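Now for the letters of each chain:
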Amino acid sequence: MERRKFIAGLGSLTAAGAAGIGTGAFTTVQANRSVSVSVADDTDALLALTPDPDDDGTNESENADYLSWNNGKLSINIDSAAGTTGSGVNANATTQINDLFKVVNQGTQAAVVYVDPDSISDSNLTWSGSGITIDPQASNRPNGDYTNTGSLAAGVEDDQISLTGGDKGPTWSGVGSDDDDSLEEYVLEPGESFDFGLYVSTDSTVDNTSSISETIEIVADATRVPDSYTGDGSGSGT
Amino acid sequence: MKRRTLMAGLGSLTAGSVLAVGSGAFTSVSARRTVSVQTAADYESLLGLTQIGAGERSELDGTPSQLEFTLPGDDEDEYPSQDPTNPQGLGTDSVYRFGQDAGAETSGLFAVENLGTQPVQVYSTQSDTSGVPEVTMYNVETGNLLTKNSPSATLPTANRLLCGLEVDTHGVPVRETEYDVTLTITAVAAGD
């Protein structure tokens, strides 16, 4: 009780020095407010990761055999755990698997969707690594005007881009003339989706037991949609 | 304000019909998901490549095993078994086709197997052809060369395509040491 008084005294002192601050000081206040959060499976979440966006029980994604599920959370398995006869990628080869699943914006605002390049270690990233390296890809994208030109590697789709932005994030100059132009390529408006794929390359340093496991971070950030973005804006701005 | 109320109503409706779909906006989301990738031997990887027949014109070698070709074959001098020959190489200014190995009784020098998830079309390319033999895959059943502009017919999953190699030595001089050529075998999902 003695201590409490002392603190109240201090409070008054401060109030006198800076006018307009209330004199009713407090040490702690507890106010209970309810926050309810429902957690959904990847297939139904605000940022949905799903091979079957229309929920009809048939996968729209052609390569969902490489997905495995654990408590509603997906993993990508390009190894013996995949639902394929082959048990991994060839050595000395590039393997491109497009449309593993769709990334769907089920929120109410447009968002810039990409993979944080820092979430993949440099040694396992196509742009810097060796052995088995990966780079997540987006294709069948709804926004932006970037198109691949020139001699495309087999299987690369016209609108395919690196989701890590070539290790530089979604302001990558590889797909746009300036930062805003690049960011527009990564925009998903509410209800829109793109195909998530993986580019895998292996060199001659791999051996029989080579494998990598990475935790990649898929980010959807509404604050990064550039002001210059002129989509149809459906559902945004509410 | 009116519009906002309506949107909220819509949101609730959606949540009702598709269980657990949120109705709210999000500012940012980040989701961490794992990716695992491993290598496999050529004969059991997504693009399955297998050798056929004895004689080692085609051979799976290394770890993980990769398909390699040696023409004439490493064991060419053991065949035909009754009266072996021992060729030193291919003639210059010629076109050879190798549809099977030296000691093979069935056709096919090697096979491409689709061990992935989608039907594919198969072909070969060679990035550098100047001064070295030009090598192209062909389908031993139809005889058709398999090139980027004219790939194989669609190969369904779990099916295999029997292949041979055509080697063109025009403009390639005779020499003691062998020529090393990198052949790129590509399988592309049909329709892509």
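This one's a predicted model, so the numbers in the text were calculated from it and none came from an experiment.

A short note on the overall build of chain B
- A count of helices and strands for chain B gives 1 helix and 10 strands.
- Counting from the amino terminus, chain B carries its helices and strands in the arrangement α-β-β-β-β-β-β-β-β-β-β.
- In chain B, once contacts between residues fewer than 6 apart in sequence are set aside, the share between residues at least 24 apart is 66%.
- For chain B, the exposed surface amounts to about 10400 Å²; the carbon and sulfur share of it is 48%.

Quick word on the nonpolar core
- Core analysis: the largest hydrophobic core is formed by 50 residues, its most contacted members being I76, I78, L100, F101, V103 and F196 of chain A together with V37 of chain B.
- If we ignore the near neighbours within four places in the chain, the residues touching F196 of chain A are I76, N98, D99, L100, F101, V103, V115, P136, Q137, L163, I216 and I218 of chain A.
- Formed by 21 residues, the second largest nonpolar core is a distinct cluster that contains L49, F98, L146 and I185 of chain B.

Points about the sheet that holds strand β7 (residues 161–162) of chain A
Residue and element names in this part refer to chain A.
- One open sheet accounts for 5 strands, arranged β1-β4-β9-β6-β7; its pairing is antiparallel. In the strand order of this sheet, the two ends are held by β1 (47–50) and β7, each with one partner.
- In this structure, strand β4 (residues 94–105) lies alongside strand β9 (residues 193–202), joined through 8 bridges in antiparallel fashion. Residue pairing across strands places K102 opposite D195, the latter belonging to β9.

Quick look at the sheet that holds strand β1 (residues 28–38) of chain B
- Strand order across the open sheet formed by 6 strands is β2(A)-β3(A)-β1(B)-β10(A)-β5(A)-β8(A), with mixed pairing between neighbours. Each edge of the sheet is formed by a strand with only one pairing partner; in this case those strands are β2 (67–70) and β8 (187–188) of chain A.
- Of the pairings in the sheet, the one linking β2 of chain A to strand β3 (residues 73–78) of chain A comprises 4 bridges and is antiparallel in character. Residue L67 of chain A lies in a different strand from β3 of chain A, and its bridge partner there is I76 of chain A.

Observations regarding the environment of D203 of chain A
All names here are of chain A.
- In this fold, D203 is placed in the loop between β9 and β10 (211–221).
- Residue D203 is classed as partly exposed on the basis of its relative accessible area, which comes to 23%.
- Distance from D203 to N90, taken between C-alpha atoms, is 9.5 Å for residues 113 residues apart in sequence.
- At 2.6 Å, the side chain of D203 forms a polar contact with the side chain of T205.

Describing unusual backbone geometry
- That bond from L71 of chain B to P72 of chain B is cis: its omega, -5°, falls within 30 degrees of zero.
- By secondary structure assignment, the location of P72 of chain B is in the loop between β4 (66–69) and β5 (95–98).
- Looking along the chain, the bond that leaves Y79 of chain B and enters P80 of chain B is cis, with omega of -10°.
- As for its placement among the helices and strands, P80 of chain B is situated in the loop between β4 and β5.
- Its identity is not glycine, yet D55 of chain A carries a phi of approximately 55°, on the positive side.

Examining the confidence of the model for chain B
All names here are of chain B.
- When the pLDDT values of chain B are averaged, the result is 86; 87% of them are 70 or greater.
- When the elements of chain B are averaged for pLDDT, helix α1 (residues 2–17) gives the smallest value, 35, and strand β8 (residues 134–139) the largest, 97.
- Counted against residues more than four places away or in other chains, residues 1–23, with its pLDDT under 50, gives 17 contacts.

Some details on the side chain of N148 of chain A
All names here are of chain A.
- With respect to the element layout, N148 can be found in the loop between β6 (132–139) and β7.
- At 2.9 Å, the side chain of N148 forms a polar contact with the side chain of Y146.
- At 2.9 Å, the side chain of N148 forms a polar contact with the backbone oxygen of E157.
- Ignoring any residue separated from it by four or fewer positions in sequence, one finds N148 in contact with V156, E157, D158, D159 and Q160.

Digging into the pairing of β4 of chain A
Residue and element names in this part refer to chain A.
- Counting buried residues along β4, 10 of its 12 residues qualify, which places the element largely inside the surrounding structure.
- Taken together, the 4 bridges between β1 and β4 define a ladder with antiparallel strand orientation. Note that in β4 the partner of L49 across the bridge is V103.

Observations concerning the packing of aromatic side chains
Residues and elements named next belong to chain A.
- A full pass over the atoms with the stated rule returns 4 aromatic pairs over all chains.
- Between the aromatic rings of F101 and F196, the centroid separation amounts to 4.5 Å while the plane-to-plane angle is 15°, which identifies the pairing as stacked. Here F196 lies in strand β9 and F101 lies in strand β4, a separation of 95 residues in the sequence.
- Arranged with centres 5.4 Å apart and planes meeting at 75°, the rings of W127 and W172 form a pair that is edge-to-face.

Quick notes on the rules
Residues numbered from 1 in each chain as written. Chains lettered and ligands numbered in written order. Predicted model: local features only at pLDDT ≥ 70, side-chain atom pairs only at ≥ 80, totals over all residues. Heavy atoms only, no water. Helix = DSSP H or I, 4+ residues; strand = E, 2+ residues; numbered from the N terminus. Contact = heavy atoms within 4.5 Å. Areas by Shrake-Rupley, 256 points an atom, 1.4 Å probe, with all protein chains shown as cover. Core = buried A, V, L, I, M, F, W, Y, C linked by side-chain atoms within 4.5 Å. Buried < 20%, exposed > 50% of the residue type's maximum accessible area, 1.4 Å probe, protein only. Pairing = 2+ DSSP bridges. Polar contact = N/O pair within 3.5 Å; in protein donor to acceptor, adjacent residues only side chain to side chain. pLDDT = per-residue confidence, 0-100. Phe/Tyr/Trp six-rings, centres within 6.5 Å; stacked < 30°, edge-to-face > 60°.

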